[in-house]
Number of protein chains: 2
Amino acid sequence: MPTLKKYAYPMIAVDVVLFTVKDDHLHALLIKMKKHPYENMWAAPGGMIKGDETPDDAAARILRDKTGVHDVYLEQLYTFGEVNRDPFGRVISIGYMALVPSDHLELATNGEYDGVAWLPVNKLPALAYDHTQMIALAADRLQAKLGYTNIAKALLPAKFPFSHLQHIYECILGKTLDKRNFHKRMLALGLVAKTREFEKNVPYRPAQLYRFKHTELMYVDML
Amino acid sequence: MPTLKKYAYPMIAVDVVLFTVKDDHLHALLIKMKKHPYENMWAAPGGMIKGDETPDDAAARILRDKTGVHDVYLEQLYTFGEVNRDPFGRVISIGYMALVPSDHLELATNGEYDGVAWLPVNKLPALAYDHTQMIALAADRLQAKLGYTNIAKALLPAKFPFSHLQHIYECILGKTLDKRNFHKRMLALGLVAKTREFEKNVPYRPAQLYRFKHTELMYVDML
DNA sequence: GCAAAAGTGTTATGCGTACACCCATGG
DNA sequence: CCATGGGTGTACGCATAACACTTTTGC
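All of these numbers come straight from a predicted model, not from anything done at the bench.

## Remarks on the domain arrangement of chain A
Accessible area lost when the parts come together is the quantity often used to give the size of an interface.
Residue and element names in this part refer to chain A.
Move 1: Looking at the assigned domains, one finds that chain A contains domain 1 (11–136) and domain 2 (151–212).
Move 2: Computed over C-alpha atoms, the centres of domain 1 and domain 2 are 28 Å apart.
Move 3: Between domain 1 and domain 2, the contact holds 14 residues from the first and 9 residues from the second.
Move 4: The junction of domain 1 with domain 2 conceals about 810 Å² of combined surface from both sides, 77% of it contributed by carbon and sulfur atoms.
Move 5: Between the two partners, domain 1 and domain 2, sit 0 salt bridges.
Move 6: There are 1 residue pair in polar contact (both at pLDDT 80 or more) connecting domain 1 and domain 2.
Move 7: Elements supplying a minimum of two residues to the side of domain 1 that touches domain 2: strand S1 (11–22), strand S2 (25–32), strand S5 (73–80) and strand S6 (91–99).
Move 8: With 3 residues, the single largest contributor to the side of domain 1 that touches domain 2 is S1.
Move 9: For the side of domain 1 that touches domain 2, the residue count by class is 8 nonpolar, 3 polar and 3 charged.

## Regarding the sheet that holds strand S10 (residues 208–212) of chain A
Strand pairing within a sheet occurs via backbone hydrogen bonds; the two strands may be parallel or antiparallel.
Residue and element names in this part refer to chain A.
Move 1: In spatial order, the strands read S8-S10-S9; together these 3 strands make up an open sheet with antiparallel pairing. Two strands in the sheet have a free side with no partner beyond their single neighbour: strand S8 (160–161) and strand S9 (192–198).
Move 2: As judged from the 2 bridges shared by S8 and S10, these two strands associate in the antiparallel manner. Across the sheet, residue Pro 161 finds its bridge partner in S10, namely Leu 209.

## Focus on the protein's contact with DNA strand C
Move 1: As a matter of local geometry, DNA strand C sits amid 19 residues, with A:Asn181, A:Val202, B:Ser163, B:Lys179 and B:Gln208 nearest to it.
Move 2: Sugar and phosphate atoms constitute 42% of the interface atoms of DNA strand C, taking the interface as everything within 4 Å of the protein.
Move 3: A distance of 3.5 Å separates a base nitrogen of DNA strand C from a polar side-chain atom of B:Arg205.
Move 4: Between a phosphate oxygen of DNA strand C and a main-chain N or O atom of B:Gln208, the distance comes to 2.8 Å.
Move 5: For the surface near DNA strand C, the secondary-structure elements that each account for two or more residues are helix H5 (179–188) of chain A together with helix H5 (179–188) of chain B.
Move 6: Looking at the surface near DNA strand C residue by residue, the classes come out as 6 nonpolar, 3 polar and 10 charged.

## A few points about the interface of chain B and chain A
Move 1: Between chain B and chain A, the contact holds 30 residues from the first and 30 residues from the second.
Move 2: Buried surface at the junction of chain B and chain A, summed over both partners, amounts to about 2700 Å²; 69% is from carbon and sulfur atoms.
Move 3: Across the contact surface, chain B and chain A share 0 salt bridges.
Move 4: Linking chain B to chain A there are 9 residue pairs in polar contact (both at pLDDT 80 or more).
Move 5: Listing elements by their share of the side of chain B that touches chain A, those giving two or more residues are strand S1 (11–22), strand S5 (73–80) and strand S6 (91–99) of chain B.
Move 6: Among the elements that line the side of chain B that touches chain A, the one with the most residues is S5(B), at 3 residues.
Move 7: Here the side of chain B that touches chain A is built from residues that sort into 17 nonpolar, 6 polar and 7 charged.

## Brief notes about the sheet that holds strand S9 (residues 192–198) of chain B
Move 1: Read from one edge of the open sheet, 3 strands run S8-S10-S9 (chain B), paired in antiparallel fashion. Two strands lie at the open edges of the sheet, namely strand S8 (160–161) and S9 of chain B, each paired on one side alone.

## Topic: the side chain of B:Arg61
Residue and element names in this part refer to chain B.
Move 1: Considering the arrangement of structural elements, one finds Arg 61 in helix H1 (residues 55–67).
Move 2: At 3.0 Å, the side chain of Arg 61 and the backbone oxygen of Met 48 are in polar contact.
Move 3: Residues within four places of Arg 61 in sequence aside, it is in contact with Met 48, Lys 50 and Glu 53.

## What about the packing of aromatic side chains?
Move 1: Overall, the coordinates contain 16 aromatic pairs over all chains when judged by the stated rule.
Move 2: Here A:Phe160 and A:Phe212 contribute two aromatic rings whose centre-to-centre distance is 5.5 Å and whose plane-to-plane angle is 40 degrees, an arrangement assigned as tilted. One end of the pair, A:Phe160, is in strand S8; the other, A:Phe212, is in strand S10, and 52 residues separate them in sequence.
Move 3: Between the aromatic rings of B:Tyr38 and B:Tyr129, the centroid separation amounts to 4.9 Å while the plane-to-plane angle is 65 degrees, which identifies the pairing as edge-to-face. Taken as a pair, B:Tyr38 in the loop between strand S2 (25–32) and strand S3 (42–43) and B:Tyr129 in the loop between strand S7 (116–120) and helix H3 (131–146) lie far apart in primary sequence, 91 residues in all.
Move 4: The buried category is assigned to B:Tyr38, whose relative accessible area is 14%.
Move 5: A residue is classified by how much of its surface remains accessible, and B:Tyr129, at 22% relative accessible area, is partly exposed.
Move 6: Site record: aromatic cluster; members linked through ring pairs are A:Phe162, A:Tyr169, A:Phe182 and A:Tyr210.
Move 7: When the ring centre of A:Phe88 is taken as origin, the NZ or CZ atom of A:Lys35, which lies over that ring, is 4.5 Å away.

## Side note on the relation of the copies chain B and chain A
Between the two chain copies there is a screw-like relation: a rotation about an axis and a shift along it.
Move 1: When chain B is fitted to chain A, the best match, at an RMSD of 0.1 Å, comes from turning it 179 degrees and sliding it 0.0 Å along the axis. Viewed as a symmetry operation, the transformation between the two copies matches a two-fold axis.
Move 2: An overlap of 100% is found between the interface residues of chain B and their copies at the interface of chain A, pointing to a shared contact surface.

What counts as what
- Residues numbered from 1 in each chain as written.
- Chains lettered and ligands numbered in written order.
- Predicted model: local features only at pLDDT ≥ 70, side-chain atom pairs only at ≥ 80, totals over all residues.
- Heavy atoms only, no water.
- Domains from an automatic or database assignment.
- Contact = heavy atoms within 4.5 Å.
- Buried area = accessible area lost by both parts, 1.4 Å probe.
- Salt bridge = Lys/Arg side-chain N within 4 Å of Asp/Glu carboxyl O.
- Polar contact = N/O pair within 3.5 Å; in protein donor to acceptor, adjacent residues only side chain to side chain.
- Helix = DSSP H or I, 4+ residues; strand = E, 2+ residues; numbered from the N terminus.
- Nonpolar A, V, L, I, M, F, W, Y, C, P; charged D, E, K, R; others polar.
- Pairing = 2+ DSSP bridges.
- Near = heavy atom within 4 Å.
- Phe/Tyr/Trp six-rings, centres within 6.5 Å; stacked < 30°, edge-to-face > 60°.
- Buried < 20%, exposed > 50% of the residue type's maximum accessible area, 1.4 Å probe, protein only.
- Lys NZ or Arg CZ within 6 Å of the ring centre and 35° of its normal.
- Least-squares fit on C-alpha atoms with pLDDT ≥ 70 in both.

Below is the structure:
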């Protein structure tokens, strides 16, 4: 095995695209950069992988350290390796997609960085590195996975009104869905079930709360 | 950016799982290893990424140098980073899936390594590294993509009898398909079209040859 | 003429889609 | 009593799945 020299072989990093659905739109958690040539540009949180951690571990650590967000759904997305993707050196980056329910997102903006913010994915400014492409890929993947998995679980609290679930789908797919058909489908697939609880303190008829029946990621036929 | 030291940060490699359909089964091209602790065990061809090449470039180079196979369909699969996956050091590997038509495979076994062979994927021995898992993931991905893309193009020559196409599907999906329905579907989706040519020198009624209508990877609704 | 694979349509059933009205609650 | 969202069933049309016999060639 060859000895490592600076730039002789690439370094390996992770970048994490964290999504939530908020204010009727899909948002990504981004950090404002300080270093030239990306000063004042936004980027997904990222960092080098250490010698004693897996890429999954690194993604969780970096997300926690840079944004305060922890215990979220994380999945590997794609590995980006264009030779000039990073102006600071030859770095290959494993992109991750992460998801949080929007009612946890207070934690995120309380972090140690003030340049951390949720930006709506459909009108992002130019981003640092290849992060525009990375976020687009993550959004495509999320959209696709809504159609054949129970991944929406990661965007909702444990118990939720059914309409919130539908709203998540509508925001990410960018189209409205028929209420009755969507309800029928979700139940027929066995993805969610009623609880005995109801919404409280709402100025309209309280909705029954639902929960996802499975904890782990499930593959099913919907769309 | 930190200075690189041996093991302080992981190294980055690629491994290529090359598939073909041959003798009624999906086969993978594997190399017999010499180094302890994997002596005489089989592994997918792999190697380090150089400082001036992308992971895609590295995958193509390694496949060419180690097996003689070139100009094949290549797609990134998943990045494997368990801390102890490689007994020779801390190496993170970007797994690739590659596909060739079985009538090109003479090239492969003519390479510089005599320990190169096509092994049937459904009865592999124990493999080096995490390559058992890598091949299983690649096979799952291939199977899934048959259902929503024209990826089978990469497993066939430019012109082919329709039954060969169906045979590819049947070998990879592991089930038989109805001839008339399959034919109807493929044409309705516009994936393939008839040519004016026919099979030659066969001891039965010569089949009309078909071709894929699109060069690039297409996404469609089948299953 | 025999073996081997090519080629070709119709029918039934189930699934997806479209669609509208009444209900419960808080203010 | 009014506003707001919650909750629920049916009918139609299309797409999928099941299914068998005739044709062409080489030997």
